[in-house]
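# Reading the structure
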Amino acid sequence: MVAGQPRKVIAVADATALARAAADRVMARIADNGGRIAICLTGGSSPKQLYELLATDAYRERIPWQRVHWFIGDERFVPTSDARNNMAMARGIFLDRLAPVANIHPIPTDTANPDAAAARYEDELKLFYGASKLDPSRPLFDVVLMGAGPDGHTASLFPGYPAVEETVRWVVGVPKANVEPFVPRVSLTLGVLASCREMLFEAAGAAKRAILTRVFSGENLPAAQARSNGETVWLVDSAALPEDFRGS
Ligand code: 6PG
């Protein structure tokens, strides 16, 4: 494993500034790579504004859509017609209008169970990467977007679950969620999520402050364990920012 740099926390004023800062960071990573680009999206509500922004003229015109591939870090095991499906949310906001369909890589949810979906997505990721072992000098993703849940989960890696410790599988089925929505999940594992040039967390709103305080104080939670082998950045708005970081 390549040792990643320490986590960097960037404070911004509010959710709007946060989406803009995230979009600018995604654009910078895109501009850095003249070849095939891979971006791993996330679910939940936090990235919605970012996705909306990427669809606006100011951003969409600068994205080389033919060269960018879009993956998802975790999925709720519900049909794509279900509003809780993470990739369906991203598709509805921007991908279906702008990205070539061959460049959109959803986690399937039409398999017999989450384990079968995980196995299929793992095969897809390995095919895309061109190897079944990750080479630390050649990250799978340019950017991995992440969020943190109230229990300290990230992707669908919940505290204390065996999925957090998984080091062989690239993708795992998670039979039971720890928080809403209580549907089975499919999640990329920490080592695979780490294979990126930048892991970018977004956290906004006062409801996030308690869990961010725990994550940043070094508690052993999945959201704290999740690190890029490259750069790990937390974009946090002023309402979510823990006391210790205020005024710094
Ligand atoms: C999911 C997510 C999950 C999310 C966090 C934060 O499928 O629910 O991928 O890991 O990022 O729970 O969610 P919010 O952005 O809604 O707070």
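Residues numbered from 1 in each chain as written. Predicted model: local features only at pLDDT ≥ 70, side-chain atom pairs only at ≥ 80, totals over all residues. Heavy atoms only, no water.

Below, the discussion takes up the sheet that holds strand S5 (residues 141–146). If you trace the six strands from one edge of the open sheet to the other, you get S1-S9-S8-S5-S2-S3, paired in parallel fashion. Two strands lie at the open edges of the sheet, namely strand S1 (8–12) and strand S3 (68–72), each paired on one side alone. Here the strands of the sheet are splayed against their neighbours by 20° on average, with no regard to which way each runs. Of the pairings in the sheet, the one linking strand S2 (residues 37–41) to S5 comprises two bridges and is parallel in character. If you follow Ile39 over to S5, its bridge partner there is Val143. Its contacts with the sheet put helix H4 (residues 86–98) on S2 and S3, and the angle it makes with S3 is roughly 145°. Packed on one face of the sheet, helix H5 (residues 114–129) meets S2, S3 and S5 and runs near 155° to S3. (Pairing = 2+ DSSP bridges. Helix = DSSP H or I, 4+ residues; strand = E, 2+ residues; numbered from the N terminus. Axes fitted to C-alpha atoms, helices over the stretch in contact; angles between N-to-C directions. Contact = heavy atoms within 4.5 Å.)

Roughly 440 Å³ of volume is contained in the largest pocket. In terms of lining, the largest pocket is formed by 21 residues, of which the most central are Leu134, Thr167, Trp170, Gly191 and Val192. Where the lining of the largest pocket is concerned, the elements lending two or more residues are H5, helix H6 (162–165) and helix H7 (190–193). Here the lining of the largest pocket gets three residues from one element, more than from any other, and that element is H7. Grouping the constituent residues of the lining of the largest pocket by class yields eight nonpolar, six polar and seven charged. Approximately 350 Å³ is the volume found for the second largest pocket. Surrounding the second largest pocket, 21 residues form its lining, Gly44, Arg76, Ala148, Gly149 and His153 being those nearest its centre. Across the lining of the second largest pocket, the residue classes tally to six nonpolar, ten polar and five charged. (1 Å grid on protein atoms, 1.4 Å probe; cavity = no way out; pocket = protein on both sides within 12 Å on 5 of 7 lines; lining within 4 Å. Points joined across faces, edges and corners; volume = space filled by probe spheres on them. Nonpolar A, V, L, I, M, F, W, Y, C, P; charged D, E, K, R; others polar.)

A separate point is the site of the ligand. With respect to spatial proximity, 16 residues lie near the ligand, and among them Ser46, Asp74, His153, Ala155 and Lys208 are the closest. Ser46 places a polar side-chain atom, nitrogen or oxygen, 2.5 Å from an oxygen atom of the ligand. The side chain of Asp74 places a nitrogen or oxygen atom 2.5 Å from an oxygen atom of the ligand. A total of 420 Å² of accessible area belongs to the ligand in isolation, and the protein chains cover 89% of it. More than half of the atoms of the ligand fall within 2 Å of the grid points belonging to the second largest pocket. When grouped by side-chain class, the residues that make up the shell around the ligand number two nonpolar, ten polar and four charged. (Near = heavy atom within 4 Å. Polar contact = N/O pair within 3.5 Å; in protein donor to acceptor, adjacent residues only side chain to side chain. Areas by Shrake-Rupley, 256 points an atom, 1.4 Å probe, with all protein chains shown as cover. Sits in = over half its atoms within 2 Å of the grid points.)

Side chains Arg185 and Ser187 of strand S7 (residues 185–188) all project onto a buried face; the interleaved residues Val186 and Leu188 project onto the opposite face, where all are buried too. Pairing of strand S4 (residues 74–76) with S7 involves three bridges; the strand directions are antiparallel. Across the sheet, the residue bridging to Arg76 is Arg185, located in S7. Of the pairings in the sheet, the one linking strand S6 (residues 171–174) to S7 comprises four bridges and is antiparallel in character. Note on S7: the bridge partner recorded for Val174 is Arg185. (Buried < 20%, exposed > 50% of the residue type's maximum accessible area, 1.4 Å probe, protein only.)

Let's shift gears to helix H1 (residues 15–32). The first and last C-alpha atoms of H1 sit 26 Å apart over 18 residues, in line with the 26 Å expected at 1.5 Å per residue. Burial in H1 covers these residues: Leu18, Ala19, Ala22, Ala23, Arg25, Val26, Met27, Arg29 and Ile30. (Expected span 1.5 Å × (residues − 1).)

Summarising the element assignment, Tyr51 is placed in helix H2 (residues 48–54). Note on Tyr51: relative accessible area 0%, which makes it buried. Through-space distance from the C-alpha of Tyr51 to that of Pro150 is 22 Å; in sequence the pair is 99 residues apart. Residue contacts for Tyr51: discarding those within four places in its chain leaves Leu41, Thr42, Met89, Ala90, Ile93, Phe94 and Leu145.

By themselves, these figures tell us nothing about what the structure is for.
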